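Residues per chain, in single letters:
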Amino acid sequence: MTNATVCLTYDFDAVSVWIHTFGAGDAPTQLSRGVYGAWVGAPRLLDLHDEHGIPATWFVPGHTIESFPDRVGEVHDRGYDVQCHGWRHVNPSTFDSKEQEKDEYRRAMTNIEDITGSPPVGFRSPAWEFSANTLDILDELGFEWDSSQMGNDFRPYYLRKNWSAPQDKPYEIGEKSDIVEVPISWKRADFPALMFVWEQSILWGFADERSVFDLWRAQFDWMYENMDNGIFTLAMHPQVVGQPPRTTRLEELIGHMRAKSGVEFADVSTVAAEVRNGDREPMAMLG
């Protein structure tokens, strides 16, 4: 009997996050951090997953596919789930029009289909945020699930459409869409805590490394002890968690999870398909 499911996910941003999010297109040292993710971090993580026979979902921008096609092809060839992370690593709210945003995702989908032979069915926004058009675009392009939002911690749910958040009236939650959300959290992500970025006079990423993995372990234990059939989703980056000794600490965390009875590892596509097929109960829709 499955008591808990663990989804290990990787946002394979490579250099796109430095070019398109932080504007470091003329900064070779910053760009080299993304190259590290493709050249060093990704192979280490693939080897770790191969060794333990654990599935994973890799969210890959089209820019990464066109820049490092052999590495992304290796992710697929070694049996891992490859899904859409936009084409550039940009916030969807920065697009000038719905059609511009849609064209960006079409290009990314073509990249993924060229690598895997199938169009993606899952999406994670590069900024973990949507524009006013993103949900409609995902539906129109045939996506079945998303993993960008935070309306629950350990339970999937269906995203809502036609919501409204006026300044002077109550929030309107809208109606159920057909897109399953497998939620994430900044507290279950490596980049904010572990990647140093000097951006707009803000220093990111100087947390004690062991405390980050201890936090993840404590969150997993709480879920395991307090929820039936919870889904624990970790969002990581090859250029962050792929650095030593973080892969060793990730391996230790995996061992802790596997030691508990009734724990399974799954890719996000499998979990979302179970929700859509009625084999896994989503969060009750209120409002």
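Predicted model only: the values in this text are computed from it and were never measured.

Undergrad: Help me out: how do you make sense of the side chain of N111 in this one?
TA: If you trace the backbone, N111 turns up in helix α5 (residues 98-116). Ignoring sequence-local partners within four residues, the contact set of N111 consists of G62, I65, E66 and W87.

Undergrad: Explanation requested: unusual backbone geometry in the structure shown.
TA: One can expect most non-glycine residues to show negative phi and most peptide bonds to be in trans. Here the amide bond leading from P244 into P245 is cis, since omega sits at 0 degrees, within 30 degrees of zero. Inspection of the secondary structure puts P245 in the loop between α9 (238-241) and α10 (246-258). Although it is not a glycine, A14 adopts a positive phi angle of roughly 50 degrees. Assessed through its relative accessible area of 2%, A14 is described here as buried. Even without being glycine, N162 reaches a positive phi, approximately 60 degrees. Structurally, N162 is set in the loop between β6 (157-161) and β7 (175-181). A relative accessible area of 57% places N162 in the exposed class.

So, how was this worked out
Per-chain numbering applies: the sequence of each chain, read as written, is numbered from 1 onward. Two thresholds apply to this predicted model, a pLDDT of at least 70 for residue-level local features and 80 or more for giving and counting side-chain atom pairs, whereas whole-chain, interface and lining totals are computed over all residues. Note that water and hydrogens are dropped before the side-chain values are worked out from all heavy atoms of the structure. Helix and strand labels come from DSSP, where a helix needs a run of H or I of at least four residues and a strand needs a run of E of at least two; each type is numbered from the N terminus. Whether two residues are in contact is decided by their heavy atoms: any pair within 4.5 Å suffices. Throughout, exposure labels follow a simple rule: accessible area from a 1.4 Å probe, protein chains only, divided by the maximum for the residue type, with under 20% read as buried, over 50% as exposed, and the rest as partly exposed.

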